[in-house]
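So you can see what is in the structure, the chains are spelled out below.
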Amino acid sequence: MDGVSSEEMSGSIPVAIVTGSSRRLGACTVKNLHQSGYNVIIHYRKSQAEAEKLAQSLNSIRPNSAATLQADLSKGDTEKVAQELIAAAVEKYGRLDVLVNNASDFFPTPLGTIDGDQWKTVMGSNLKAPFFLSQAAIPHLRATKGCIINMADINGQRPLAGYSLYCIAKAGLIMSTMALAKDLAPDIRVNAVAPGDILWPEHQWDVNESLRKIPMGKEGDPEDIAKSILFLVKEAPYITGQVLAVDGGRSLSQ
């Protein structure tokens, strides 16, 4: 098959790459996939120490089951970086079964202050990189009948004031999920998970105001996201092109 190495189908253990997975939701997703029997590629941009610590921990459980790769997906030649990252991931274990596009830049962008660099950063990590990573992964995922999971956001459908670039990018990612699902069926499934308030942002945030909007009355847990991803990966062979909101009902209140 074009674009697939002769070694790719020789490995029997499925392989997943999760972008932006050295910490937070990405790390939780990696741990769940690993526990479910996957070899995992931990991608990071700057958090090398955290990525290597996570890989070491997973390799202590199952030797040679986790590896790290570095790439900046938000700047530069995104198409080339994406191709190189997927190629490096396949080289690690000889196959690819799951691509989780989790890496994301999230920060306020008040109208009137937005510049080209902010546009490139937010659109790059949240929309452009997932698309080109998915495109680069097609021959490898087709060979394994694999799947793509995009990390969307409920604010990709219901905008969050002051975060226009992020909301626009996530809206594009949701459409990309549906468009790619149509183009890649029946060989590759493409779905998205749209978190609500799972982990509070690392910049200033009104936690009480957010909690008032959640019917379930509490913040979600990273495990809620990781298990939803695992469901779409392993237990949903007839689901594609869907966006699963995991938000405690918050999207009902917006």
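Scroll up for the structure.
Calculation notes
- Residues numbered from 1 in each chain as written.
- Predicted model: local features only at pLDDT ≥ 70, side-chain atom pairs only at ≥ 80, totals over all residues.
- Heavy atoms only, no water.
- Core = buried A, V, L, I, M, F, W, Y, C linked by side-chain atoms within 4.5 Å.
- Buried < 20%, exposed > 50% of the residue type's maximum accessible area, 1.4 Å probe, protein only.
- Helix = DSSP H or I, 4+ residues; strand = E, 2+ residues; numbered from the N terminus.

1. A closer look at the nonpolar core
Ile-41 and Leu-96 are the most contacted members of the largest nonpolar core, which totals 29 residues. Taken together, the elements giving at least two residues each to this core come down to β1 (15–18), β3 (66–70), α3 (78–93), α4 (116–144) and α5 (164–184). Of the residues forming this core, the biggest block, 7 residues, is contributed by α4. Ala-27, Val-30, Ile-149 and Ala-236 belong to the second-largest nonpolar core, a separate cluster that totals 28 residues.

2. Observations concerning unusual backbone geometry
Both trends apply: most residues other than glycine have a negative phi, and most peptide bonds are in trans. Residue Pro-186 is reached from Ala-185 by a cis peptide bond, and omega for that bond is 5°. Structurally, the position occupied by Pro-186 is in the loop between α5 and β6 (189–195). Look at Arg-24: it is not a glycine, yet its phi comes out positive at around 55°. The phi torsion at Lys-145 lies on the positive side, around 55°, for a residue other than glycine. Looking at where Lys-145 falls in the secondary structure, it is placed in the loop between α4 and β5 (147–151). A relative accessible area of 56% places Lys-145 in the exposed class.

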